[in-house]
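Survey of secondary and tertiary structure
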Amino acid sequence: MSNRPLKMQCRKALSLCIVFAMIFGMGIFNIPQVSAADNFLYVSESGNDFSGNGSSTSPYRSIAKAAEMATPGTTVLVRAGTYIEESIRPAVSGTESAMIVFRPEKDSDVGKVIIKHNDKFDGSSITPAIKQQWLSDNGWEESQVQHYSNADIEYSIADRKNQLTDVFDLSERDFIQIEGFVFKDYKYARNSINIYGNGNVVINNRFEDIGCVPNSKWHWTMKGVKRGDVTILVSGKNNVVRNNFFQNVVGETLSYDGNSQHNIITENTFIGGIGKNSDAGGAESSTLGGRFENNNHNAFAFNYSGGSVNGGTIWLDVCVRDFVALRNVCHNTAYFMFNESGCERNWAYENIIYNKPLDANGRMPADSKYFTDFRAQKIESGLFTAFWDT
């Protein structure tokens, strides 16, 4: 008699244990607080990056300048206001016991520090000749790109030259914490936060009305891929994205990319994801993407995703393994979890997807060869479907 069912149950139980170990072992319910013994740098709209020294009475003007001056244990306190930024990158990493923290100066300022990407191109450099060359380079016809503005074209050209910038660039940086900010009203950042490191925390932020470069190109490097179609890109180990709010974000909201291990995205709210233009005609969005080698033992747990305009919740694409989706609630999503090439041992436990009609066979609409196609429990006359220990 085969013991395969027993082995499968043991694997599922082990996966659940891993998720809870990640949640409590990574300390996401015990985020470090600023103490009087910490080193502080201050940023203000009235500050000056050249004459300021980062003190409370002589603050810097930009968060990027404070990041350059931060050392392990530094807390960058940002006063209420609006900051136009790009390529905020600490000169050094923090440490596990002395993180570098970026946050509003006062608790009452949470939600009042607004960060915008420096969308500096306005399309004024696009001439008919430049546009025709751009069309030729991409193999497109004029009729395919009627939805592109001249600024879209200018950023598309910059993207192909790998000249886009992030808002926060945490590539090769560890133990950085970003909390309490509002990222909003910009279109052309490569990523709002680019995480390529270990032990970083993104908590209690808002991301609203954020676009992405149409048909963003993926630039492959020895350290991963640089891509401009995701709001927060996560790569590395033991990173946490917790309790953030996302609304009207274009493209993939988050992505576990290659070399992502033991990371968790938890207790976030996603409202109204919008499809990205991955080609001339446009394509769908997803709340979370995952792809490429060495992508394993990551989790997506206790999140709410509601009302994606034309996309799904989780798209696992190429070599994602031992991923766990636990107790998420999803409203009006095109699919909950899509498991593509080379993806295996990925589990969904106790997720609820509601107001999503089942097909004639009582299944979530999907290609029969993929993970999403299995009979779901029906709750309240079929208005609800739940995935239980699939």
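Going by the structure above, here's the rest.
Quick look at the structure, then. The numbering scheme is per chain: residues are counted from 1 as the chain's sequence reads. Only residues with pLDDT of at least 70 get local features here, since the model is predicted, and only at 80 or more are side-chain atom pairs given and counted; chain-wide, interface and lining totals rely on the full set of residues. Only heavy atoms go into the side-chain values, all of them from the structure, while hydrogens and water stay out.

**With respect to the pairing of strand E5 (residues 113-117)**
Throughout, exposure labels follow a simple rule: accessible area from a 1.4 Å probe, protein chains only, divided by the maximum for the residue type, with under 20% read as buried, over 50% as exposed, and the rest as partly exposed. Strands here are runs of E lasting at least two residues and helices are runs of H or I lasting at least four, both read from the DSSP assignment and numbered beginning at the N terminus. Counting buried residues along E5, 4 of its 5 residues qualify, which places the element largely inside the surrounding structure. As paired strands, strand E3 (residues 81-85) and E5 are joined by 5 bridges and run parallel to one another. Along E5, the bridge assignment pairs Thr82 with Ile114. For two strands to be treated as a pair, DSSP must find at least two bridges joining them. Bridge count for E5 against strand E8 (residues 182-186) is 2 bridges, and the pairing is parallel. Among the inter-strand pairings, Ile114 is bridged to a residue of E8, identified as Val182.

**What to know about the pattern of salt bridges**
Side-chain pairs of opposite charge can arise where the charged atoms are in close proximity. Here a salt bridge means any side-chain nitrogen of Lys or Arg lying within 4 Å of a carboxyl oxygen belonging to Asp or Glu. Counted according to the given criterion, the structure contains 21 salt bridges. A salt bridge links Asp229 to Arg227, with the shortest nitrogen-to-oxygen separation between them at 3.0 Å. Per residue, the accessibility class of Asp229 equals that of Arg227, and both read buried. With a shortest N-O distance of 3.0 Å, Glu252 and Arg291 are connected by a salt bridge. Taken together, the positions of Glu252 in strand E17 (residues 252-261) and Arg291 in strand E20 (residues 286-291) put the pair 39 residues apart, joining distant regions of the chain. Neither Glu252 nor Arg291 differs from the other in exposure class; each is buried. The network of salt bridges with shared partners includes Arg227, Asp229, Glu252, Asp257, Arg291 and Asp317.

**Overview of the packing of helix H3 (residues 128-138) against helix H4 (residues 150-160)**
Relative to each other, H3 and H4 sit at 50°, their axes nearing to 11 Å. On the basis of the axis angle, H3 is oblique to H4. The interaxial crossing formed by H3 with H4 has left-handed handedness. Judged by residue contacts, Ile130, Lys131, Trp134 and Asn138 of H3 engage Ile153, Ser156, Ile157 and Arg160 from H4. Among the residues making up the contact of H3 with H4, the classes are represented as 4 nonpolar, 2 polar and 2 charged. Only the contacting stretch of a helix is used when fitting its axis, a line to C-alpha atoms as for every element, and angles between N-to-C directions run 0 to 180 degrees. Put simply, angles under 35 degrees are roughly parallel, angles over 145 are roughly antiparallel, angles from 65 to 115 are roughly perpendicular, and the rest are oblique. Here is the rule for handedness: rotate from the far helix to the near one, and if that takes an anticlockwise turn smaller than a right angle the crossing is left-handed, while a clockwise turn gives right-handed. Residues are treated as being in contact if the distance between any of their heavy atoms lies within 4.5 Å. Residue type decides the class: Asp, Glu, Lys and Arg count as charged, Ala, Val, Leu, Ile, Met, Phe, Trp, Tyr, Cys and Pro as nonpolar, and the leftover types, Gly among them, as polar.

**Things to note about the sheet that holds strand E18 (residues 264-266)**
Read from one edge of the open sheet, 10 strands run E1-E2-E4-E7-E10-E15-E18-E22-E26-E29, paired in parallel fashion. Two strands close off the open sheet at either side, each with one partner strand: strand E1 (39-43) and strand E29 (347-349). Strand-to-strand twist of the sheet, defined as the mean angle between neighbouring strand axes without regard to direction, takes the value 10°. Pairing of E1 with strand E2 (residues 74-78) involves 5 bridges; the strand directions are parallel. Paired with Phe40 across the bridge in E2 is Thr75.

**Focus: the environment of Lys106**
Mapped onto the fold, Lys106 is located in the loop between strand E4 (100-104) and E5. Expressed as a C-alpha distance, the spacing of Lys106 and Gly180, which sit 74 residues apart in the sequence, is 9.9 Å.

**A short note on the nonpolar core**
Phe102, Phe168, Phe183, Ile193, Ile232 and Phe323 are the most contacted members of the largest nonpolar core, which totals 52 residues. Here the element with the most residues in this core is helix H2 (residues 63-69); it accounts for 4 residues. In these notes, a set of buried Ala, Val, Leu, Ile, Met, Phe, Trp, Tyr and Cys residues joined through side-chain atoms within 4.5 Å is what counts as a nonpolar core.

**Focus on the packing of aromatic side chains**
Working definition: rings of Phe, Tyr and Trp (its six-membered ring) pair if their centres are within 6.5 Å, and the pair is stacked with planes under 30 degrees apart, edge-to-face with planes over 60 apart, and tilted otherwise. Enumeration over the complete set of coordinates arrives at 13 aromatic pairs. Relative to Phe168, the ring of Phe102 has its centre 5.4 Å away and its plane inclined at 75°; by these criteria the two rings are edge-to-face. One end of the pair, Phe102, is in strand E4; the other, Phe168, is in strand E6 (residues 168-171), and 66 residues separate them in sequence. Across the pair, Phe168 and Phe102 agree in class, each one buried. Between Phe121 and Tyr155 the ring centres are 4.8 Å apart and the planes differ by 45°, which places this aromatic pair in the tilted class. Remark: Tyr155 occurs in helix H4 and Phe121 occurs in the loop between E5 and H3; sequence separation between them is 34 residues. Residue Phe121 is classed as partly exposed on the basis of its relative accessible area, which comes to 31%. These aromatic residues form a ring-pair network of at least three members: Phe102, Phe168, Phe181, Phe183, Phe207, Phe246, Phe270 and Phe300. Positioned above the aromatic ring of Phe245 is the side chain of Arg206, whose terminal nitrogen or guanidinium carbon lies 4.2 Å from the ring centre. By the criterion adopted, a ring carries a charge over it if an Arg CZ or a Lys NZ lies within 6 Å of its centre and within 35 degrees of its normal.

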